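Architecture and fold: a report
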Protein chains: 2
Amino acid sequence: MQTGLRRRSQEAHATREKILARAVQIASVRGLAATSIGDLAEAVGMSKSGLFAHFASKEQLEIAVLDEAMRLLRQHVIEPSEQLPAGLPRLHALLDKDVDYATGSVFEGGCFFAAAAHELDGREGAVRDRLVQILDEWDDLLKAQLQEGKAKGEIRQDVVVDTFLFVATGMSLACNWVSQLRRDRARASREARAMIGGLLRSIATPVGTAFLDRPA
Amino acid sequence: MQTGLRRRSQEAHATREKILARAVQIASVRGLAATSIGDLAEAVGMSKSGLFAHFASKEQLEIAVLDEAMRLLRQHVIEPSEQLPAGLPRLHALLDKDVDYATGSVFEGGCFFAAAAHELDGREGAVRDRLVQILDEWDDLLKAQLQEGKAKGEIRQDVVVDTFLFVATGMSLACNWVSQLRRDRARASREARAMIGGLLRSIATPVGTAFLDRPA
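The following paragraphs examine the structure supplied in this document. (Residues numbered from 1 in each chain as written. Chains lettered and ligands numbered in written order. Predicted model: local features only at pLDDT ≥ 70, side-chain atom pairs only at ≥ 80, totals over all residues. Heavy atoms only, no water.)

Moving on, we come to the overall build of chain A. Per the secondary structure count, chain A includes 10 helices and 0 strands. When the helices and strands of chain A are placed in sequence order, the string is α-α-α-α-α-α-α-α-α-α. When its C-alpha atoms are laid out on the principal axes, chain A stretches across 60 × 45 × 35 Å. For chain A, buried positions account for 50% of its 216 residues. A separation of at least 24 residues holds for 70% of the contacts in chain A among residues at least 6 apart in sequence. For chain A, the accessible surface area stands at approximately 9900 Å², while carbon and sulfur atoms represent 51% of it. Here chain A holds 28 positive side-chain charges and 29 negative ones, and the gap between their average locations is 4 Å. (Helix = DSSP H or I, 4+ residues; strand = E, 2+ residues; numbered from the N terminus. Buried < 20%, exposed > 50% of the residue type's maximum accessible area, 1.4 Å probe, protein only. Contact = heavy atoms within 4.5 Å. Areas by Shrake-Rupley, 256 points an atom, 1.4 Å probe, with all protein chains shown as cover. Lys, Arg positive; Asp, Glu negative; His and termini not counted. Charge placed at Lys NZ, Arg CZ, Asp CG, Glu CD.)

Below, the discussion takes up the relation of the copies chain B and chain A. Mapping chain B onto chain A calls for a screw motion: a turn of 180° about the axis and a shift of 0.0 Å along it, with 0.0 Å RMSD after fitting. In the structure described here, the two chain copies are related by an operation that fits a two-fold rotation axis. Taking the C-alpha atom as reference, chain B places Gly170(B) closest to the rotation axis, 1.9 Å from it. Here 100% of the contact residues of chain B are again contact residues in chain A; the copies associate through an equivalent surface. (Least-squares fit on C-alpha atoms with pLDDT ≥ 70 in both.)

Turning next to helix α7 (residues 126-151) of chain A. For α7(A), with 26 residues, the first-to-last C-alpha span of 37 Å sits near the 38 Å given by 1.5 Å per residue. Of the residues one or two after α7(A), Gly153(A) is the one with positive phi, at around 75°. (Expected span 1.5 Å × (residues − 1).)

This paragraph deals with the nonpolar core. Membership of the largest hydrophobic core comes to 142 residues, with the highest contact counts inside it found for Phe112(A), Phe113(A), Phe112(B) and Phe113(B). What Phe112(A) contacts, discounting residues up to four positions off in sequence, is Val24(A), Ala27(A), Ser28(A), Leu32(A), Val65(A), Leu66(A), Ala69(A) and Phe107(A). (Core = buried A, V, L, I, M, F, W, Y, C linked by side-chain atoms within 4.5 Å.)

Moving on, we get to the interface of chain B and chain A. In this assembly, 36 residues from chain B lie in contact with 36 residues from chain A. Carbon and sulfur atoms make up 63% of the area that chain B and chain A hide from each other, which totals about 3200 Å². Interface area lost by chain B to chain A is led by Phe166(B), Trp177(B) and Leu181(B), which between them contribute 24%. Connecting chain B to chain A are 6 salt bridges. The salt bridge partner of Asp136(A) is Arg182(B), with a shortest N-O separation of 2.4 Å. Taken together, the connections running from chain B to chain A amount to 16 residue pairs in polar contact (both at pLDDT 80 or more). Sorting the residues of the side of chain B that touches chain A by element identifies α6 (112-120), α7 (126-151), α8 (161-180) and α9 (185-203) of chain B as the ones contributing at least two each. A total of 14 residues in the side of chain B that touches chain A trace back to one element, the largest contributor, which is α8(B). (Buried area = accessible area lost by both parts, 1.4 Å probe. Salt bridge = Lys/Arg side-chain N within 4 Å of Asp/Glu carboxyl O. Polar contact = N/O pair within 3.5 Å; in protein donor to acceptor, adjacent residues only side chain to side chain.)

All names here are of chain A. The contact between helix α5 (residues 88-103) and helix α9 (residues 185-203) brings their axes to 10 Å, and the two run at 165°. In terms of axis orientation, α5 runs roughly antiparallel to α9. Handedness of the α5/α9 crossing: right-handed. Contacts between α5 and α9 pair Leu88, Leu91, His92, Leu95, Asp96, Val99, Asp100 and Thr103 from the former with Arg185, Ala188, Ser189, Ala192, Arg193, Ile196, Leu200 and Ile203 from the latter. (Axes fitted to C-alpha atoms, helices over the stretch in contact; angles between N-to-C directions. Parallel < 35°, antiparallel > 145°, perpendicular 65-115°, else oblique. Left-handed = near helix turned anticlockwise from the far one by under 90°.)

Before going further, it helps to examine the packing of aromatic side chains. Residues and elements named next belong to chain A. Going through the model one piece at a time under the given rule, you end up with 6 aromatic pairs over all chains. Ring centres of Phe112 and Phe113 lie 5.4 Å apart, and the angle between their planes is 80°; this geometry places the pair in the edge-to-face category. With respect to burial, Phe112 and Phe113 carry one shared label: buried. An aromatic cluster of three or more residues is present, and its members are Tyr101, Phe107, Phe112 and Phe113. (Phe/Tyr/Trp six-rings, centres within 6.5 Å; stacked < 30°, edge-to-face > 60°.)

To continue, consider the packing of helix α5 (residues 88-103) of chain B against α8(B). Residue and element names in this part refer to chain B. At a closest axis distance of 9 Å, the pairing of α5 and α8 adopts a crossing angle of 25°. Of the possible angle classes, the one that applies to α5 and α8 is roughly parallel. The handedness of the crossing between α5 and α8 comes out as right-handed. Residue-level inspection shows Leu91, Leu95, Asp98, Val99, Ala102 and Thr103 of α5 in contact with α8, the latter providing Phe164, Ala168, Met171, Ser172, Cys175, Asn176 and Ser179. Taken together, the residues that form the contact of α5 with α8 break down as 8 nonpolar, 4 polar and 1 charged. (Nonpolar A, V, L, I, M, F, W, Y, C, P; charged D, E, K, R; others polar.)

It is worth spelling out the pattern of salt bridges at this point. Residues and elements named next belong to chain A. Applying the stated criterion across every chain, the model contains 32 salt bridges over all chains. In this structure, Lys143 and Asp140 form a salt bridge, with 3.8 Å as the shortest nitrogen-oxygen distance. Placement of both Lys143 and Asp140 in helix α7 is noted, with a separation of 3 residues, approximately one turn of the helix. Lys143 sits in the partly exposed class, given a relative accessible area of 29%. Residue Asp140 is classed as partly exposed on the basis of its relative accessible area of 43%. One salt bridge in this structure joins Glu148 and Lys152, with 4.0 Å as the shortest N-O distance.

A few words now on unusual backbone geometry. You will see that Arg183(A), though not glycine, has its phi angle at about 50°, which is positive. Summarising the element assignment, Arg183(A) is placed in the loop between α8 (161-180) and α9.

This part is about the side chain of Ser81(B). Note on placement: Ser81(B) falls in helix α4 (residues 58-81). Setting aside its immediate chain neighbours within four residues, Ser81(B) contacts Arg90(B), Ala93(B), Leu94(B) and Lys97(B).

Below, the structure is given as structure tokens:
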């Protein structure tokens, strides 16, 4: 009995994962609003009512899709970067791996968060709020590396955190722009890495510069 | 008779202008696709068939809206910048006025082109092609200033045009991002101007730097 319950719960979890894996890809191409429960049900081979058993509303589904995109960001960008020491090395890894996340094979339709932000910025409500919360989490992670880098003497004390975050946001958005609008992922990735290099050099102390000059 | 025809033609032109002025505002908030002929007809107090007399299809209307946004860019950004000498001074003016265009009162919903680009990047067809053409025109204008600035000795010879355009695109997109998603137009405008200052200093020769150091 217990085993049966556990099995059903595991199956429900696996189905939910399968739905979200498909939904995040569809949303990266068509946008969150255009990702209908009907299309999604067809794409995963379920009935609409079967899908509603997992997500009570379109809003709940959209929030779960945002969380799925964040899970992918953790898996592909944040966790691998944690292999490097906090401060400038981890900051470099986070920005560098974010370029792969935005231009590589994680999403069919380019960086999910760039598309979602432009879609949701004029809306109100729980979905927009969740997106802002996720983007705050990312900004906080970059901020923590700046602070650690300053404490370790790798980053100059006069670097203004908000200004750095603004330029890093621009790098990420321009990367998606060239990749999606200009349809040139190779150029997007090359220009983004050149911009990251310039940005990190502009904030590094001599100790930090020595790290950046190290062969990769 | 001739006078009557001319008057009717002038009236048709004025009506078309009125429709486009409203359409570009609605599209800046809701997106091009969501700007329906029905809603637009209601907003300008016309019948749907009356509106179709001016735009034969939704596609034609969308292209006309893109052209209207470009007309506003010419009026608010490009023409005032032409008061300054070609090269670094005009480059500075173009980027600076673009910040006002994106964060000021020109559009109700933030920079029209940032929103349109994210909406259209996954689509195919004449509307996307027109957008890319307009953005190429803007890039060409920046490129011409870089070349002129190099010829005049204001900009370093080793500055790579594509890299500069990438960073300038990032500045513009981050500005719209902070303005729309963070809903902080003042911060967007302040950070964008700081980034423009840093970017121009990074490409200027001593002659160019002297211009940038001049009190505004």
